[in-house]
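Summary of the model geometry
Each chain, letter by letter, is given below.
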Amino acid sequence: MRIWLDGELRDADSARVSVFDHGLTVGDGIFETVKAVDGRTFGLTRHLDRLTRSARSLGLPDPDHDEVRRACDAVLDANPMPLGRLRITYTGGHGPLGSDRGEHGPTLLVALGETTRRPDSTAVITVPWTRNERGALAGVKSTSYAENVVALARAHEQGASEALFANTVGQLCEGTGSNVFVVLDGELHTPPLASGCLAGITRALTVEWTGAKETDLPLDVLERAEEVFLTSTLRDVQAVHRVDGRELPGTPGPVTAKAMRIFEERFRQDLNP
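First things first, this report covers the structure right here in the doc. All values reported here derive from a predicted model rather than from experimental measurement. Along every chain, residues carry numbers that run from 1 in the direction the sequence is written. Given that the model is predicted, a residue must reach a pLDDT of at least 70 before its local features are reported, and side-chain atom pairs must reach 80 or more before they are shown or counted; all residues, however, enter totals for whole chains, interfaces and linings. Where side-chain values are given, they derive from all heavy atoms of the structure, hydrogens and water being excluded.

**A few points about the overall build of the protein chain**
The condition that has to hold: In DSSP terms, a helix is any run of H or I states spanning at least four residues, a strand is any run of E spanning at least two, and both are numbered starting from the N terminus. Note that the radius of gyration is over C-alpha atoms, with the globule rule given as 2.2 Å times the number of residues to the power 0.38. Summary of the burial criterion: residues with accessible area below 20% of their type's maximum are buried, those above 50% are exposed, and those between are partly exposed, where the area comes from a 1.4 Å probe applied to protein chains only. For accessible areas, the Shrake-Rupley method is used with a probe of radius 1.4 Å. Any residue's cover is judged against the shown protein chains and nothing else. Under this rule, positive means Lys or Arg and negative means Asp or Glu; His and the chain ends count for nothing. Just so you know, the charge point we use is NZ for Lys, CZ for Arg, CG for Asp and CD for Glu.
When you go through the protein chain residue by residue, the secondary structure sums to six helices and 15 strands. Relative to the globule expectation of 19 Å for 273 residues, the C-alpha radius of gyration of the protein chain, 19 Å, shows essentially globular dimensions. Principal axes of the C-alpha set define a box for the protein chain whose edges measure 55 × 40 × 30 Å. By the burial criterion, 48% of the 273 residues in the protein chain qualify as buried. Of the roughly 12,700 Å² of accessible surface on the protein chain, 49% is carried by carbon and sulfur atoms. The distance from the centre of the 30 positive side-chain charges to the centre of the 39 negative ones in the protein chain is 3 Å.

**Section: the pairing of strand β11 (residues 187-190)**
Operational definition: Here the rule is simple: two strands pair whenever DSSP picks up at least two bridges between them. By convention, orient the strands away from the viewer: a clockwise path from the first strand over the helix to the second makes the crossover right-handed.
Sheet topology note: the strand β10 (residues 179-184)/β11 ladder contains three bridges and is antiparallel. Residue pairing for β11: L184 is matched across the bridge by E187. Linking β10 back to β11 in an antiparallel pair, the connection comprises two residues, with D185 at a positive phi of about 50°. Direction of pairing for β11 relative to strand β12 (residues 213-214): parallel, over a ladder of two bridges. Bridge pairing in β12 places H189 opposite K213. Crossover β11 to β12 through helix α5 (residues 201-210) is right-handed.

**Let's talk about the pattern of salt bridges**
To keep things clear, this is the line we draw: Every case where a carboxyl oxygen of Asp or Glu lies within 4 Å of a side-chain nitrogen of Lys or Arg is listed as a salt bridge.
Tallying each qualifying case throughout the model produces 15 salt bridges. Here the salt bridges share partners, and the residues they tie into one network are R117, R118 and D120.

**As for the packing of α5 against helix α6 (residues 254-269)**
What counts here: In this analysis, axes come from line fits to C-alpha atoms, helices being fitted only over the stretch in contact, and the angle between any two N-to-C directions falls in the range 0 to 180 degrees. An angle counts as roughly parallel when it lies under 35 degrees, as roughly antiparallel when it exceeds 145, as roughly perpendicular when it falls between 65 and 115, and as oblique in every other case. We call two residues in contact when some of their heavy atoms are within 4.5 Å.
Between α5 and α6, the shortest axis-to-axis distance is 10 Å and the interhelical angle comes to 105°. Classified by the interaxial angle, the pair formed by α5 and α6 is roughly perpendicular. Seen from α5, the contacting residues are T202, L205, T206, W209 and T210; seen from α6, they are A259, I262, F263 and R266.

**With respect to the environment of A160**
One can find A160 in the loop between α4 (146-157) and β8 (162-167). Sequence spacing of A160 and S14 is 146 residues, and the spatial spacing of their C-alpha atoms is 36 Å. Every residue in contact with A160, bar those within four places of it in the chain, is listed here: A123, V124, I125, A155 and R242.

**Brief notes about the sheet that holds strand β1 (residues 2-5)**
The sheet built from six strands is open, its strands ordered β2-β1-β6-β5-β3-β4 with antiparallel pairing. With partners counted over all chains shown, the strands left at the sheet margins are β2 (8-11) and β4 (40-41), one partner each. One ladder, built from two bridges, connects strand β3 (residues 29-37) with β4; its direction is antiparallel. Counterpart to A36 in the pairing with β4 is T41. With respect to the sheet, helix α2 (residues 44-58) is in contact with β3, β4 and β5 (83-91), its orientation differing from that of β3 by roughly 175°.

**Considerations on the nonpolar core**
So the rule is basically this: To define a nonpolar core, start from buried Ala, Val, Leu, Ile, Met, Phe, Trp, Tyr and Cys residues and group those joined through side-chain atoms within 4.5 Å.
Membership of the largest hydrophobic core comes to 24 residues, with the highest contact counts inside it found for I30, L86, I88 and V110. Among the elements of the structure, β3, α2, α3 (65-78), β5 and β6 (107-114) are those that each provide at least two residues to this core. Discounting chain neighbours no more than four positions away, the residues touching I88 are I30, F31, E32, V34, L44, L48, L51, V68, C72, L108, L109 and V110. Ranked by size, the runner-up nonpolar core spans 17 residues in total, among them I201, V207, F229 and M260.

Below you can see the structure in the form of structure tokens.
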């Protein structure tokens, strides 16, 4: 495995980040996960734009898009595989052990891991912890991911692949690494960005391509929704057949099936929509 670290490709055994890197010591960093099919990325421009927005939210220097693209191309060329998870990580770089940043500049790391196509449907649970829609990291794809790790572990313990959060005012927000859509009276809805959810790339494309409405939704909408599905870079559009103990028969339902079909068709037409 060849990995890009700070300007060059390195073998996995020699790609080492300093123990004083702020991304490690205090979680001062951001990342993007990009789908790669036969060495070609999907939606890379949108991912790089979001990487920049996240950097600005944390006060990090804007990432150099040309450099990141070169890094992605180099890693993809060095590690051929049919379906990959391309991970771009950008941190505050070498710094002190406290919260103050150093002056060495950011760290850029690009790595690739092989993956497989997700199942057409999955189970999810809700968790008692909340997203803070007013927090400094609301909507930022930060490397400070521990609360997602905890929630996802609980989901796996209960036979699910994802955990869904409410925000601090009890509205449906998002999953640990996905956005959520529900069907009510035949209409497709998803929480707005003001709920504190991540501005998912697949979420945005699904809204654009299906006409889904951005709606404030209480968490208990999951108890009555006719259909539920998740979106993310590696899930694309994935139906949900169980929420907590509630089974959703006939999964995927007609609205979800249509969204899955539209996304697949548009994906094949344009890899950089």
